[in-house]
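# A closer look at the structure
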Amino acid sequence: MASATARLSAAEVTRRRSVPEMKKVSVPNLVGLSLRQARTELQERGLYVGNLSYREDIATNNVLEQKYKGKTIKAGRKIETESRIDLVLGLDPENSTTYIPHLIGYTYGVAVDNIIDNSLNLGRVRYDETVKTYADSAAAVVYRQEPDSEGGGSVEMGALIDVFLTASQAKVASATMK
């Protein structure tokens, strides 16, 4: 009887060896936690906050439901690390706006952290012509955002913030002069 490996092509065997299997972790129970607490629980397990959506409730930013790939997910289910968990959060109509964070000069990761910390969602992500390689994208910083943060504006919680990134420090300097 031929082994399973013998039936695979040489290319398939090489591909399987070169693609590491993702580690799986248990999804924590986030219901009842604050957004900040839920984010910490996810980060401790190698997971990320996905999309934030809101529905009326007396407790703003209290987790009401957790979802994975569009469906409710129960605590304890195993999923791959680096997965995103979408959160349905409470929103008191009397407390439904948040300030737009100033993101100019921040890397993508820091910008996303600031967006989530302000109860907002990441919208479009655009890299300019100076970003050509993976290393460029990792070092790129925000030179523009929409909506912008000038004038201390505020938006509804859950709104989208678009970010535009560059590897050009001159472009960032010019953006901060405006």
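Because the structure is predicted, anything quoted here is derived from the model rather than measured.

## A short note on the environment of K71
In this structure, K71 sits in strand 4 (residues 71-72). Sequence-wise, K71 and I85 are 14 residues apart; in three dimensions their C-alpha atoms are separated by 10.0 Å.

## Examining the side chain of N61
With respect to the helices, strands and loops of the structure, N61 is situated in the loop between strand 2 (48-56) and strand 3 (63-68). A relative accessible area of 16% means that N61 is categorised as buried. Here Y54 takes part through its side chain, which lies 2.7 Å from a polar atom of the side chain of N61. Residues contacting N61, with those up to four places away along its chain left out, are L33, S34, L35, Y54, L89, G90, S119 and M157.

## Overview of the layout of surface pockets
Quantified by volume, the second largest pocket comes out at close to 180 Å³. Lining the second largest pocket are R39, L42, Q43, L47, Y48, V49, R84, Y108, G109, V112, D113 and I116. Of all elements in the fold, only helix 3 (35-44), strand 2 and helix 4 (108-117) reach the threshold of two or more residues within the lining of the second largest pocket. The element that contributes the greatest number of residues to the lining of the second largest pocket is helix 4, accounting for 5 residues.

## Some words on the packing of aromatic side chains
All told, the structure shown has 0 aromatic pairs when counted by the stated rule. Lying across the ring of F164, R144 places its NZ or CZ 3.9 Å from the centre. Geometry around Y143 places K171 over its ring, the cationic atom sitting 4.5 Å from the centre.

## Considering the packing of helix 3 against helix 4
Following both chains from N to C, one finds helix 3 and helix 4 inclined at 140°, their axes separated by 10 Å at the closest point. As judged from the angle between their axes, helix 3 and helix 4 are oblique. Residue-level contacts link L35, R36 and R39 of helix 3 to D113, I116 and D117 of helix 4. For the contact of helix 3 with helix 4, a count of residues per class yields 2 nonpolar, no polar and 4 charged.

## Some words on unusual backbone geometry
Glycine aside, a negative phi is what most residues show, and trans is what most peptide bonds show. In this model, E146 is joined to P147 through a cis peptide bond whose omega is -5°. Locating P147 in the fold gives a position in the loop between strand 9 (141-146) and strand 10 (154-156). Unlike most non-glycine residues, K69 shows phi in positive territory, near 55°. Considering the arrangement of structural elements, one finds K69 in the loop between strand 3 and strand 4. Judged by relative accessible area, which is 68%, K69 ranks as exposed.

Cut-offs applied
Residues numbered from 1 in each chain as written. Predicted model: local features only at pLDDT ≥ 70, side-chain atom pairs only at ≥ 80, totals over all residues. Heavy atoms only, no water. Helix = DSSP H or I, 4+ residues; strand = E, 2+ residues; numbered from the N terminus. Buried < 20%, exposed > 50% of the residue type's maximum accessible area, 1.4 Å probe, protein only. Polar contact = N/O pair within 3.5 Å; in protein donor to acceptor, adjacent residues only side chain to side chain. Contact = heavy atoms within 4.5 Å. 1 Å grid on protein atoms, 1.4 Å probe; cavity = no way out; pocket = protein on both sides within 12 Å on 5 of 7 lines; lining within 4 Å. Points joined across faces, edges and corners; volume = space filled by probe spheres on them. Phe/Tyr/Trp six-rings, centres within 6.5 Å; stacked < 30°, edge-to-face > 60°. Lys NZ or Arg CZ within 6 Å of the ring centre and 35° of its normal. Axes fitted to C-alpha atoms, helices over the stretch in contact; angles between N-to-C directions. Parallel < 35°, antiparallel > 145°, perpendicular 65-115°, else oblique. Nonpolar A, V, L, I, M, F, W, Y, C, P; charged D, E, K, R; others polar.

Limitation: the analysis is restricted to geometry and does not speak to function.
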